[in-house]
Amino acid sequence: MASIFQRVGAVASLSSNASFDTKKLHLSSRRSLSERKASFVVIRSDAAKMNTGLKKIGGRADQLVTNAVATKPDTSAASTASKPGHELLLFEALREGLEEEMERDQNVCIMGEDVGHYGGSYKVSKGLAPKYGDLRVLDTPIAENAFTGMGIGAAMTGLRPVIEGMNMGFLLLAFNQISNNCGMLHYTSGGQFKIPVVIRGPGGVGRQLGAEHSQRLESYFQSIPGIQMVACSTPYNAKGLMKAAIRSDNPVILFEHVLLYNLKETIPDEEYVLNLEEAEMVRPGEHVTILTYSRMRYHVMQAAKTLVNKGFDPEVIDIRSLKPFDLHTIGNSIKKTHRVIIVEECMRTGGIGASLTAAINENFQDYLDAPIVCLSSQDVPTPYAGTLEEWTVVQPPQIVAAVEQLCR
Amino acid sequence: MALARRSSNLLKPLSTASSSSSSSFLHRRPFSTDDSTTITIETSVPFTGHNCEPPSRSIDTSPKELMTFFTDMALMRRMEIAADSLYKSKLIRGFCHLYDGQEAVNIGMEAAITKKDCIITAYRDHCIFLGRGGTLLESFSELMGRQAGCSRGKGGSMHFYKKDACFFGGHGIVGAQVPLGCGLAFAQKYRKEDHVTFTMYGDGAANQGQLFEALNMAALWDLPAILVCENNHYGMGTAEWRAAKSPSYYKRGDYVPGLKVDGMDAFAVKQACKFAKEHALKNGPIILEMDTYRYHGHSMSDPGSTYRTRDEISGVRQERDPLERIRKLIMAHDIATEKELKDIEKLARKEVDEAIAKAKESPMPEESELFTNVYRKGYGVESFGADRKELRATLP
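This section reports on the structure supplied with the text.

Quick notes on the rules
- Throughout, residues of each chain are indexed from 1 in the direction in which the sequence is written.
- To read the labels, note that chains go from A and ligands from 1, taken in the order they are written.
- Reporting of local features is limited, given that this is a predicted model, to residues whose pLDDT is at least 70; pairs of side-chain atoms are given and counted only at 80 or more, and all residues count toward the totals for whole chains, interfaces and linings.
- With hydrogens and water stripped out, all remaining heavy atoms of the structure feed into the side-chain values.
- Comment: elements are numbered from the N terminus, with helices defined as DSSP H or I runs of at least four residues and strands as E runs of at least two.
- We call two residues contacting when some pair of their heavy atoms lies within 4.5 Å.
- Per-residue and other accessible areas follow the Shrake-Rupley method at a 1.4 Å probe size, with only the shown protein chains counted as cover for residues.
- A pair of sulfur atoms, both from cysteines and within 2.5 Å, is called a disulfide here.
- Exposure classes here rest on a 1.4 Å probe applied to the protein chains alone. A residue is buried below 20% of its type maximum, exposed above 50%, and partly exposed in between.
- Orientation is described by axes fitted as lines to C-alpha atoms, over the contacting stretch for helices, and by angles from 0 to 180 degrees between their N-to-C directions.
- Comment on the angle field: the value is read as roughly parallel under 35 degrees, roughly antiparallel over 145, roughly perpendicular from 65 to 115, and oblique elsewhere.
- For a crossing to be left-handed, the near helix must be turned anticlockwise from the far one by less than a right angle; the clockwise case is right-handed.
- When residues are grouped by polarity, Ala, Val, Leu, Ile, Met, Phe, Trp, Tyr, Cys and Pro land in nonpolar, Asp, Glu, Lys and Arg in charged, and all others, Gly among them, in polar.
- Under this rule, positive means Lys or Arg and negative means Asp or Glu; His and the chain ends count for nothing.
- Salt bridges are defined by distance alone: a side-chain nitrogen of Lys or Arg within 4 Å of a carboxyl oxygen of Asp or Glu.
- Definition of a polar contact: a pair of N or O atoms within 3.5 Å, with one able to donate and the other able to accept a hydrogen when the atoms are protein atoms, and with sequence-neighbouring residues admitted only if both atoms are side-chain atoms.
- Strands pair, by our definition, only if DSSP identifies at least two bridges between them.
- We call a crossover right-handed when, viewed with the strands running away from us, the connection from the first strand over the helix to the second turns clockwise.
- Centres within 6.5 Å make a pair out of two Phe, Tyr or Trp rings, where for Trp the six-membered ring is used; the pair is then stacked when the planes are under 30 degrees apart, edge-to-face when over 60, and tilted otherwise.
- Side-chain atoms within 4.5 Å are what join buried Ala, Val, Leu, Ile, Met, Phe, Trp, Tyr and Cys residues into a set we call a nonpolar core.
- Directions drawn from the helix axis to the C-beta atoms are what define this arc.

### A word on the overall build of chain A
When helices and strands are counted, chain A shows 13 helices and 18 strands. Contacts in chain A between residues far apart in sequence, at least 24 positions, make up 80% of those at least 6 positions apart. Carbon and sulfur atoms form 52% of the exposed surface of chain A, whose accessible area is close to 15,500 Å².

Structure, rendered in structure tokens:
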């Protein structure tokens, strides 16, 4: 628990010298506006209330890891030196998270195509149907619009469905349900209904899967108010984010990646839950901040090796939380390095990188020594041919070149 | 058809009624009603079944139920007409879809089910909300966007909800509520509850693909879902025969049984819903097609007379009006006099006017309400913004 309060203290001191407009007002989110000046309204969640909120969370799961720093083994609970943990693949980590949550709460259920008897097209739900029954691990017909709506309707009464899209691209058929009913119901009902669904599935550019099966839906979903989006990249954060997403009372979309399912890692034996809105510090550094998520993290780390050999010291952050952005961690990094490169798999137009660029420019303008560089995929449908597909996404040499140019 | 006649006590208007067992919305009743007498009524037309044996045409009721039906329908009718004039005086904005003419569907349904059975419908939801126990004040406040509204003014006409009475809304996109309704039924089956879900949609939505997707799943897993098609014969401005190859909506479930019901006859609706509930709990989904009619246009921006003749509208009003049917039944069985029924209608009008006045006093939502209820607190949603504690926004 100590780490949480420490963080609060650090935050309080930061806000005093943050570069915000002096005309803004502070008021608690629960009290009404007492006075208004100009056009700025700031809603601040009361610090004391935040503490009690976190305490409640901590009471439920003391293992809420709010300081998910992957490279500092002594501070994070990720690698407790005493126990070695167990090694597994990313899809097994997702399954572990799912299974633990289903064991813990009877209301958690899975629905999707081939999740039950087949065990999931990527084996994420293998073995769960024989254990929990056909109603809790539900094989649906191929009707994304309807079964996503069904999951949301069930969530309105208190169930916690985990809805799987066999490929994220298929969820475009359920866009209406996700946007209107999932994201907005809590608001339009005045708070009466909560929609604790998790919508998950693999997306991203795979190995020559073709245009329709290589889509990046995070750019389409990011404007929907009321949902949260997270992207996992390692077995450790996959399990932690899955558990956090299931426990969250808000609708969470968990983006997995087709190419990352067979990553191997040793994760702790103890139960742990990660913070949904927190970014992960992959490699601390001094010269430049590289922001990335999902599969591009590995391209960045590959480029980082080359960069280190060339004498650069990049700081790599896996942003993990795509909505909302963890501007706190990102901001601290920018205040240190003053240079930002965003490496993403979304397309140039309207992707996560575009929004992140805008958010950083708005909030940290004064700390930037150079314009933000955003490396994204090309604005083309993903071609089938292997060489063309390689050129669609960002490759490590491009990242190295961008860093070299930025840090001249 | 046996009519058990018995003259009920008609108290003088000034005496207070023993209304402890009354389940109607109005508070004062100048007459007492009898619960023990049974009156047997026949529905206007027999039921037509598809893949099922239709229920009997004879229904038992009591004077009390008749009076309740009349009072509630009069209130609903009044509310919708008042909403019409509020819209024209620009106090209600946006879309406003009125239910007058279709009241019997809701009244009959509520009489057959409990508050633990779920109802979900589309945007013609004001009267459904009232039927589920919502108050006039919440209704009008929500329509005018005030704080006292059922969704705190943030939903509007198409987003009425009442969680404690299992009323799940209130949805703007045509047909999107049908998969949600199957989800409600799924949860009921998951929890092994003894309740059903009534998923309501219109003849326009009956052509949506997601409806058949949801119906397939409901039939596959025997979910206790009852799909109720409120067929008012016009999908927005398009007549049903111009939109559907097969306007027999009760048959379109194919392997799912269906029942065609006269939706202007509250007792037919009640009988059908009772039958459907028993069926759904045992055998899975069933489709009910309610043959009904709306007097207003699709919404307030539609006059309703460009695609149908005024003769048709007034013809239905004269021959099939649900309120008039109950009035005639009440008078035929000597349960109340014409004057008393008119008094009830006057009382309904008064209640509605009072609710509107009170709703007008309710303030608009505070500016901070713009940001409430976007997320629920818990599991880290506190951390927002550049320093995890502040969310900065610019209001015009």
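Still more to cover.
### Quick notes on the state of the cysteines
Within the structure shown, the criterion is met by zero disulfides over all chains. With no disulfide of its own, A:Cys182 has A:Cys109 as its nearest cysteine by sulfur position, at a separation of 14 Å. A residue is classified by how much of its surface remains accessible, and A:Cys182, at 1% relative accessible area, is buried. Cysteine B:Cys273 remains unbridged, with the sulfur of B:Cys229 as its closest cysteine sulfur at 13 Å. Taking the relative accessible area as the measure of exposure, B:Cys273 reaches 0% and is therefore buried.

### Topic: the packing of helix 5 (residues 177-190) of chain B against helix 6 (residues 209-220) of chain B
All names here are of chain B. With their axes 8 Å apart at the nearest point, helix 5 and helix 6 run at an angle of 15 degrees to one another. Judged by the inter-axis angle, helix 5 sits roughly parallel to helix 6. Both helix 5 and helix 6 take part in a crossing whose hand is left-handed. Here Val178, Pro179 and Cys182 of helix 5 lie close against helix 6, whose contacting residues are Gln210, Leu211, Ala214 and Ala218. Taken together, the residues that form the contact of helix 5 with helix 6 break down as six nonpolar, one polar and no charged.

### Considerations on the side chain of A:Lys323
Within the secondary structure, A:Lys323 sits in strand 16 (residues 321-323). One buried charge, A:Lys323, has no salt-bridge partner; the nearest side chain with opposite charge is A:Glu277, at 12 Å. At a separation of 2.9 Å, a polar atom in the side chain of A:Lys323 contacts the main-chain carbonyl oxygen of A:Gln222. With sequence-adjacent residues up to four places away left out, A:Lys323 is seen in contact with A:Gln222, A:Ser223, A:Ile224, A:Pro225, A:Ile227, A:Gln228, A:Met229 and B:Tyr375.

### Some thoughts on the sheet that holds strand 16 of chain A
All names here are of chain A. Spatially, 6-5-7-8-10-9-16 is the arrangement adopted by the seven strands of the open sheet, whose pairing is mixed. Edge strands, defined here as strands with exactly one partner in the open sheet, are strand 6 (137-139) and strand 16. Adjacent strand axes in the sheet meet at a mean angle of 20 degrees when their direction is disregarded. Of the strands in this sheet, strand 5 (108-112), strand 6, strand 7 (160-164) and strand 10 (252-257) are in contact with helix 3 (residues 90-104), which crosses strand 5 at around 135 degrees.

### Quick word on the pairing of strand 10 (residues 286-291) of chain B
All names here are of chain B. Burial runs high along strand 10: six of the six residues are buried. When strand 6 (residues 225-231) meets strand 10, the two strands line up parallel, connected through six bridges. Residue pairing across strands places Asn231 opposite Asp291, the latter belonging to strand 10. Examined bridge by bridge, strand 9 (residues 258-262) and strand 10 share five bridges and lie parallel to one another. Bridging from a neighbouring strand, Asp262 pairs with Asp291 of strand 10. Taken together, strand 9, helix 8 (residues 266-283) and strand 10 constitute a β-α-β crossover, and its handedness is right-handed.

### What to know about the packing of aromatic side chains
Residue and element names in this part refer to chain A. Applying the stated criterion across every chain, the model contains 11 aromatic pairs over all chains. On the basis of an interplanar angle of 45 degrees and a centroid distance of 5.1 Å, the ring pair of Phe175 and Phe221 is categorised as tilted. Residue Phe175 is found in helix 6 (residues 175-188), and its partner Phe221 is found in helix 7 (residues 218-221); the two are separated by 46 residues along the sequence. Residue classification places Phe175 among the partly exposed residues on the basis of a relative accessible area of 26%.

### What about the packing of helix 3 of chain A against helix 8 (residues 235-247) of chain A?
Residue and element names in this part refer to chain A. Running from amino to carboxyl end, helix 3 crosses helix 8 at an angle of 30 degrees, the nearest separation of the two axes being 8 Å. Between helix 3 and helix 8, the angle is such that the two are roughly parallel. Between helix 3 and helix 8 lies a crossing of right-handed hand. In this structure, helix 3 uses Leu90, Ala93, Leu94, Glu96, Gly97, Leu98, Glu100, Glu101 and Arg104 to contact helix 8, whose residues at the interface are Pro235, Ala238, Lys239, Met242, Lys243, Ile246 and Arg247. Here the contact of helix 3 with helix 8 is built from residues that sort into eight nonpolar, one polar and seven charged.

### Details of the environment of B:Val45
Residues and elements named next belong to chain B. The residue Val45 is located in the loop between strand 1 (39-42) and strand 2 (48-50) in this model. When the C-alpha positions of Val45 and Asp60 are compared, they lie 16 Å apart, and in sequence the two are 15 residues distant. Among all residues touching Val45, those that are not within four sequence positions of it are Arg57 and Asp262.

### Considering the nonpolar core
Ranked by internal contacts, the top residues of the largest apolar core, which has 83 residues, are A:Phe221, A:Ile360 and B:Phe186. Ignoring sequence-local partners within four residues, the contact set of B:Phe186 consists of A:Cys109, A:Met111, A:Leu135, A:Leu138, A:Met150, A:Ala154, A:Leu159 and B:Leu223. By size, the runner-up hydrophobic cluster in this structure holds 73 residues, among which are B:Ile41, B:Ala104, B:Phe160 and B:Ala355.

### Details of the pattern of salt bridges
In the structure shown here, the tally under the stated rule is 44 salt bridges over all chains. With its nearest N and O atoms 3.0 Å apart, the salt bridge here joins A:Asp249 to A:Arg160. Here A:Asp249, found in the loop between helix 8 and strand 10, pairs with A:Arg160, found in strand 7; they are 89 residues apart in sequence, far enough to count as distant. Accessibility classification places A:Asp249 together with A:Arg160 in one group, the buried group. Residues B:Glu354 and B:Lys350 are paired through a salt bridge, measuring 3.2 Å at the closest nitrogen-oxygen approach. On the criterion of helical spacing, the pair formed by B:Glu354 and B:Lys350 is a turn pair, its members being four residues apart in helix 11 (residues 338-361). In this structure B:Lys350 comes out as partly exposed when scored by relative accessible area, which is 44%. Residues joined in a network through salt bridges with shared partners are A:Glu96, A:Glu100, A:Glu101, A:Arg104, A:Lys239, A:Lys243, A:Arg247 and A:Glu271.

### Some details on helix 10 (residues 322-332) of chain B
Residues and elements named next belong to chain B. For helix 10, every residue scored as buried is listed here: Pro322, Leu323, Ile326, Arg327, Leu329 and Ile330. Each buried residue of helix 10 lies within a common arc of 165 degrees when the element is viewed along its axis, so the set occupies one face. Lining the buried residues of helix 10 we find strand 1, helix 1 (63-88), helix 2 (103-112), helix 8, helix 9 (310-320) and helix 11. If you check the start of helix 10, you find a side-chain oxygen 3.3 Å away from the backbone N of Leu323, and it comes from Asp321. With its phi angle positive at about 60 degrees, Asp334 sits one or two positions after the end of helix 10.

### A short note on the pairing of strand 5 of chain A
All names here are of chain A. The element strand 5 is extensively covered by neighbouring structure, given that five of its five residues are classed as buried. Bridge count between strand 5 and strand 7: five bridges; the pairing is parallel. Paired with Ile110 across the strands is Val162, a residue of strand 7. Alignment of strand 5 against strand 6, held across three bridges, turns out to be parallel. Of the residues in strand 6, the one forming a bridge with Ile110 is Val137.

### What to know about the sheet that holds strand 17 (residues 340-347) of chain A
Residue and element names in this part refer to chain A. Taken in spatial order, the five strands make up an open sheet running 13-15-14-17-18, and their pairing is mixed. The open sheet is flanked by strand 13 (280-283) and strand 18 (373-377), the only strands paired with a single partner. Across this sheet, the average inter-strand angle for adjacent strands is 25 degrees, counted without regard to direction. Bridge count between strand 17 and strand 18: four bridges; the pairing is parallel. The partner of Ile342 across the bridge, within strand 18, is Cys374. Running at roughly 150 degrees to strand 17, helix 11 (residues 352-364) makes contact with strand 14 (288-292), strand 17 and strand 18 of the sheet.

### Remarks on the side chain of B:Gln188
For B:Gln188, the location among the structural elements is in helix 5. When sequence neighbours within four positions are dropped, the list of residues in contact with B:Gln188 reads B:Lys116, B:Cys118, B:Glu193, B:His195, B:Val196, B:Thr197 and B:Pro224.

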